[in-house]
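Letter by letter, the chains look like this.
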Amino acid sequence: MPIITEARVVVTSPGRNFVTLKVVCDDGTTGVGDATLNGRELAVASYLADHIVPCLIGRDAHRIEDIWQYLYKGAYWRRGPVTMTAIAAVDMALWDIKGKVAGLPVYQLLGGASRDGCMVYGHANGATIADTVDAALRHRAEGYRAIRLQCGVPGLASTYGVARPGEAYEPADGTLPTESVWSTERYLRIVPELFAAAREALGPDIHLLHDVHHRLTPIEAARLGRDLEPYRPFWIEDPTPAENQDGFRLIRQHTTTPIAVGEVFNSIWDAKALIESQSIDYIRATVVHAGGITHLRRIAALADLYQVRTGCHGATDLSPVAMAAALHLGLAIPNFGIQELMPHLPVTQAVFPHAYRYADGSLHPGDAPGLGVDIDEALAATHPYVRAYLPVNRLEDGTLWSW
Ligand code: GCO
Ligand code: MG
């Protein structure tokens, strides 16, 4: 059995910040886990280095479930994004090690492939409807079968999901939080127009998605869902903040547009009532923020009982390590739905060499033993941490709103 002798926390910023845990065993086997919590990176790095790593030394790396329970129940302070991201990093690294020792890709340990690949959705963003539709057409030419549409809102200087001219979209865009302005009225006018134009240009066979990013009240979200029905969206995402889960029942009563939620969830307890009440269609919790493969598998199993499928968050702030882990799980579980793909910059990919590959609108985790991803620590050391924050959002009268 591989005994853990060392665990290193690597903080690096190749294009953006990432926190990675590398676990080393006495037989020389290593495993990696993503520990990146956007805008709060160093909190997780400290949680790992100061509180978790000392408890790992000397443990049998094969006892994944026992170590998960030990870190979860042993902390006493259960759940929360910092704790669950730290546990997730350990969990991913241990699955990586188990796969390498077994000589098998992790998806084989999870029951084997249930499909040929994981369908992904790409991001078509633009300042205008025409720019967004052009971006969607380019994605279709690259083989994407599912495309998320976000466009600028006339009258607002900036909008979530839309990049500055000439730059790739990156949500953490300031060394202090930048401020953007929001108008629900203007937004609710433009999105149905965007979907009408996109459906017209792209035809019936492409899945179209949209991220509301928690900005509407339940009844406003219900109206958006209803207005989009003629264009048959694959989903609207995070239509309203999920603290008040009854809001999702209200949305459900008014529209057949499918609902996705959960990128900020960190535990099965965040998702349980939404799943059991059949208020949602896709659960977006991830391996990195929701306790690793071990815990996300449990969430997916509960969701499967209610025909809720996975649609894991996959923005650029989830490192290639999290993407690899998500793909192994996604390939294996019966109720995989879709995987978000926001490709990492080349400078990021160089620091995280990986075996997963894109073809024809899908990603496959590859067949390398373990997760099939690593961190080049020497290269990582050349990209020091840069403090970065997500923006905040205000209504036009200055009221702080959900971002
Ligand atoms: C998405 C997300 C991201 C998040 C970001 C926060 O659907 O991809 O909403 O854009 O805002 O990942 O860290
Ligand atoms: Mg989102």
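Up top is the structure.
Residues numbered from 1 in each chain as written. Chains lettered and ligands numbered in written order. Predicted model: local features only at pLDDT ≥ 70, side-chain atom pairs only at ≥ 80, totals over all residues. Heavy atoms only, no water.

Engineer: Is there a simple way to explain the sheet that holds strand E2 (residues 18–25) in this structure?
Structural biologist: Within a sheet, neighbouring strands are paired by backbone hydrogen bonds and run either parallel or antiparallel to one another. With antiparallel pairing, three strands are arranged side by side in an open sheet as E1-E2-E3. The outermost strands of the open sheet, each flanked by one partner alone, are strand E1 (4–12) and strand E3 (30–34). Taking each pair of neighbouring strands and ignoring which way they run, the sheet shows an average axis angle of 20 degrees. Relative to E2, E1 runs antiparallel, the two being bridged by eight bridges. (Pairing = 2+ DSSP bridges. Helix = DSSP H or I, 4+ residues; strand = E, 2+ residues; numbered from the N terminus. Axes fitted to C-alpha atoms, helices over the stretch in contact; angles between N-to-C directions.)

Engineer: Hey, could you run me through the site of ligand 1 in this one?
Structural biologist: Taken together, 14 residues sit near ligand 1, with Tyr160, His213, Glu263, Asp317 and Glu340 positioned nearest. Measuring from an oxygen atom of ligand 1, one finds a side-chain N or O atom of tyrosine 160 at 2.7 Å. Interatomic distance of 2.5 Å between a side-chain N/O atom of glutamate 340 and an oxygen atom of ligand 1. In isolation ligand 1 offers 340 Å² of accessible surface; the protein chains occlude 95% of this area. For the shell around ligand 1, the residue count by class is four nonpolar, three polar and seven charged. (Near = heavy atom within 4 Å. Polar contact = N/O pair within 3.5 Å; in protein donor to acceptor, adjacent residues only side chain to side chain. Areas by Shrake-Rupley, 256 points an atom, 1.4 Å probe, with all protein chains shown as cover. Nonpolar A, V, L, I, M, F, W, Y, C, P; charged D, E, K, R; others polar.)

Engineer: Can you walk me through the coordination of the magnesium ion (ligand 2) in this structure?
Structural biologist: Each angle at a metal carrying four tetrahedral donors should ideally be 109.5 degrees, and each at a metal carrying six octahedral donors should ideally be 90 or 180 degrees. Around the magnesium ion (ligand 2), the protein supplies Asp211 (OD), Glu237 (OE) and Glu263 (OE) as donor atoms, at distances of 1.9 to 2.2 Å. Between consecutive donor residues of the magnesium ion (ligand 2), the sequence gaps follow D-x25-E-x25-E. Placement of aspartate 211 in strand E7 (residues 207–211) and of glutamate 263 in the loop between strand E9 (259–261) and helix H9 (268–276) is noted, with a sequence separation of 52 residues between them. Glutamate 263 sits in the buried class, given a relative accessible area of 11%. (Donors = N, O, S within 2.8 Å, 3.2 Å for Na, K, Ca; no water. Buried < 20%, exposed > 50% of the residue type's maximum accessible area, 1.4 Å probe, protein only.)

Engineer: I keep staring at the state of the cysteines and nothing clicks. Help me out?
Structural biologist: What makes a disulfide is a covalent bond joining the sulfur atoms belonging to two cysteines. Under the definition given, this model contains zero disulfides. The thiol sulfur of cysteine 55 is not disulfide-bonded, and the nearest other cysteine sulfur, from cysteine 25, lies at 16 Å. Classification of cysteine 55 by relative accessible area gives partly exposed; the value is 27%. Left unpaired, cysteine 118 is separated from the closest cysteine sulfur, that of cysteine 312, by 9.0 Å. (Disulfide = S-S within 2.5 Å.)

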